[in-house]
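# Architecture at a glance
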Amino acid sequence: MKNPILSSIITFLIALLFMPSFLFGQACQTSHKRTARIAQHPEILEDMNQINHFTEEWISAQQMTAQVRELVTVPVVVHVVWLENDENISEAQIMSQIDVLNEDFRKLNANFSTTPAAFQAIAADVEIEFCLASIDPNGNPTNGITRTQTNIQEIGETESFYDSSAGGHDPWDNTQYINIWVCNQEEGSLGFATPPGTAFPEESDGVVIPSVYFGTIGTAANSVPNHLGRTATHEMGHYFNLEHIWGPGDGGCNEDDFIADTPSQEFESGGCPNFPFTDGCTPNGNGINFQNYLDYSDDDCMTMFTEGQKMRMLAALNGPRASLLTSNGCNAMVATNDLNNFENSVRIFPNPTNQLITITIENTYASQNLNWELFDMVGKKYLEFSMTEKKELNLSNLPEGVYYLSCLNFSKSVKKIVITK
Ligand SMILES: [Zn+2]
């Protein structure tokens, strides 16, 4: 190169091309904030090691048994902590975010069809759904949204967002609800989440996202390329213990995301590369999975979780996050103590039976349209039906054994039925 100045400019520009994109654009703060918490509270590492050990054991146990899994719904509360009026986002904008979470986690996202066939083959329906809480921690009806005006700038960066006495909003019981704080953060932050075992203090456990990246309408609509609600999909992945697809740190081929089916990846992606896109870690074949929600590609470029990521998330939901499975937060019926009254109003006879059973509903519940499912002991579903007041079922074609009759209107209501021959 004849011109040394031009040469160094070109060298600089080439170097820029290979620098991590978070230095220029918006970035998720989960890994950096976790690293900072570990530096202050090294005991977090012990919890993380235990959880990772459990995760490996749980996944290998699942692979040994052909267990029938079922869809689970987990309750979410959204705490809107706003400084400027436009940060006090509408209920419709919040609902648009819940819709995106449900589409992405159930593989119902409209852009899934753009996923290359090679990656469609490993893409997962995670079988987790999200509902805005309908019952608050006191057992009262709620729309699952709290609203707090604050005078603290960039409250998402402070210890205040999870503290009502300091200008934020206290979490609802972190073991029963996924707390999402929608609040102001520093320029460049797309938000963050606390992977299981890493929140310090535990009240901060949850997800934090700026209002302009939350949902797909209202103030989120202009946040291209982060305008389709996939920041929350990405952060919810972290909440359920997923690492970035390139690994827990800043990159390189020695890092891994602990997921077998995601291709090794050197750094985060940006924009929307053309398929196949290869890098130094995966130089051939289908290249890297830049369509993955745990990458940094544009929202309209992200389309999938993998089956391996699904298993890691389900391990979290059956381990450190298992308390969400028995939460009453999503119950459609008002008042959790209704459950006992309801169960007392259900009569099943004869039980044990060898053929016919009659289900009778008494009292105020008799007039309600109730939806039921019948499972065996390993969770295999045999029947689903609706009824009011009285129904007769013929179970003569079912094998002998113990079954569970679950009323979907009361998510925790289960009745045992024994079939003898
Ligand atoms: Zn992230």
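Here the structure is shown first, and the text comes after it.
About the criteria used
- Residues numbered from 1 in each chain as written.
- Predicted model: local features only at pLDDT ≥ 70, side-chain atom pairs only at ≥ 80, totals over all residues.
- Heavy atoms only, no water.
- Core = buried A, V, L, I, M, F, W, Y, C linked by side-chain atoms within 4.5 Å.
- Buried < 20%, exposed > 50% of the residue type's maximum accessible area, 1.4 Å probe, protein only.
- Helix = DSSP H or I, 4+ residues; strand = E, 2+ residues; numbered from the N terminus.
- Contact = heavy atoms within 4.5 Å.
- Disulfide = S-S within 2.5 Å.

### Things to note about the nonpolar core
Counting residues in hydrophobic clusters, the biggest one holds 43 residues, and the most contacted among them are V78, F105, F130, I178, I180, M236 and F240. Sorting elements by how many residues they give to this core places helix 7 (residues 307–318) first, with 6 residues. Residues contacting F105, with those up to four places away along its chain left out, are D125, V126, E127, I128, F130, T233, M236, G237, F305 and M313. Counting 22 residues, the second-largest nonpolar core is a separate cluster that includes I348, I359, Y365 and L370.

### Brief notes about unusual backbone geometry
For the bond running from F349 to P350, omega is -10 degrees, close enough to zero to count as cis. The residue P350 is located in the loop between strand 8 (346–349) and strand 9 (356–361) in this model. Between N351 and the following residue, P352, the backbone shows a cis peptide bond with an omega angle of 10 degrees. Turning to its location among the elements, P352 is positioned in the loop between strand 8 and strand 9. Despite not being glycine, E127 shows a phi value in the positive range, around 65 degrees. Mapping E127 onto the fold places it in the loop between helix 5 (117–120) and strand 3 (128–132). The phi angle at E389 is positive, at roughly 65 degrees, despite the residue not being glycine. Following the sequence through the fold, E389 ends up in the loop between strand 11 (381–387) and strand 12 (390–394). What makes E389 partly exposed here is its relative accessible area of 49%.

### Considering the state of the cysteines
Per the counting criterion, the structure on display carries 3 disulfides. The side chain of C131 participates in a disulfide bridge whose partner is C330; the two sulfur atoms lie 1.6 Å from each other. Between C131 and C330, the disulfide has an S-S torsion of -100 degrees and is therefore left-handed. Here the residue C131 occupies a position in strand 3, and C330 occupies one in the loop between helix 7 and helix 8 (338–344), the gap between them amounting to 199 residues.

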